[in-house]
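Residue-level structure breakdown
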Amino acid sequence: MILRLVAVVFLLGTCSAVVPCCVPMQWEGRVHIFHGMVESGQPELLNVTTRQHYDYALMMVAIEVLSQSNPERVIKDYNQMMEYVISEGKCTASKMKESPLDNCYLVNATYLRSFYYGGKQGLMVDEYQVKDELAGMITVDVTSDDCLPVTEVVTSNKGATIPSIRAIGYHDIRTGIRDPSVFNVPHPLCPSQPDKEMGTKAHLGAGIVGF
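These notes cover the structure that comes with them. (Residues numbered from 1 in each chain as written. Predicted model: local features only at pLDDT ≥ 70, side-chain atom pairs only at ≥ 80, totals over all residues. Heavy atoms only, no water.)

**Quick notes on the pairing of strand β3 (residues 60–65)**
Of all six residues in β3, five are buried, a share of seventy percent or more. Of the strand pairs in this sheet, strand β2 (residues 42–55) and β3 are connected by six bridges, and their pairing is antiparallel. Looking across to β3, one finds that Arg51 is bridged to Glu64. Here β2 folds back onto β3 in antiparallel fashion, the turn holding four residues, of which Met59 has a positive phi close to 60°. As defined by bridge partners, β3 adjoins strand β4 (residues 72–77) across six bridges and the pair is classed as antiparallel. Bridge pairing in β4 places Glu64 opposite Arg73. (Buried < 20%, exposed > 50% of the residue type's maximum accessible area, 1.4 Å probe, protein only. Helix = DSSP H or I, 4+ residues; strand = E, 2+ residues; numbered from the N terminus. Pairing = 2+ DSSP bridges.)

Shown next, in the form of structure tokens:
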């Protein structure tokens with residue numbers, strides 16, 4: 001039995017026939033993030049749970065924070081590269097400083113292995129590694145059959161001003177968008193802060209899969 005299991009793991013880990021996939025055009029679900037960083041010599045750990053809505057057709061992502069008393073929502077508009085943060089009845093806008101939205105980012109990724117997530121009777125996933133100029137090194141697991149996100153680990157680039165590592169888990173993910181109004185940008189538009197990079201908890205809710 002042990003030899004058989006080792007053989008299965010070996011075959012899955014060395015298979016080179018896996019074709020990189022594109023994540024679905026629309027999906028939504030819960031995203032849990034542990035984000036550790038060191039700023040000015042002081043370590044900090046953030047534990048955030050969000051609900052994320054991803055629409056590649058609209059080129060927009062909406063993130064709702066679920067793990068804090070004050071409701072907070074972020075709308076990321078990749079058409080205009082603008083980010084809108086709505087919190088406590090107030091709204092601010094800023095230019096986004098991140099890579100453009102890309103649902104086929106795995107095409108240029110390095111395939112690492114395939115394995116059962118959660119044990120032999122678990123979910124079959126494919127694991128990839130991506131180098132992003134802004135985010136750093138990303139290791140991401142997606143379902144083998146439909147390319148839905150499962151887990152993600154992001155390590156900042158060497159020499160980053162604020163060294164960090166982020167572990168992300170995706171839960172209850174479904175395709176489609178139940179309520180398209182989550183992408184509605186407030187009108188009139190929020191006051192703009194073009195030179196200020198947003199540092200909210202909701203801003204941490206997007207990894208390279210959710211962006």
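From this point on, the discussion continues.
**Thoughts on the sheet that holds strand β1 (residues 26–39)**
Reading across from one edge, β6-β5-β4-β3-β2-β1-β11-β10-β9-β8-β7 is the order of the 11 strands in this open sheet, with antiparallel pairing throughout. The open sheet has two edge strands with one neighbour each: β6 (90–95) and β7 (110–117). Within the sheet, the average angular offset between the axes of one strand and its neighbour, ignoring direction, is 20°. (Axes fitted to C-alpha atoms, helices over the stretch in contact; angles between N-to-C directions.)

Nothing here speaks to function; it is geometry throughout.
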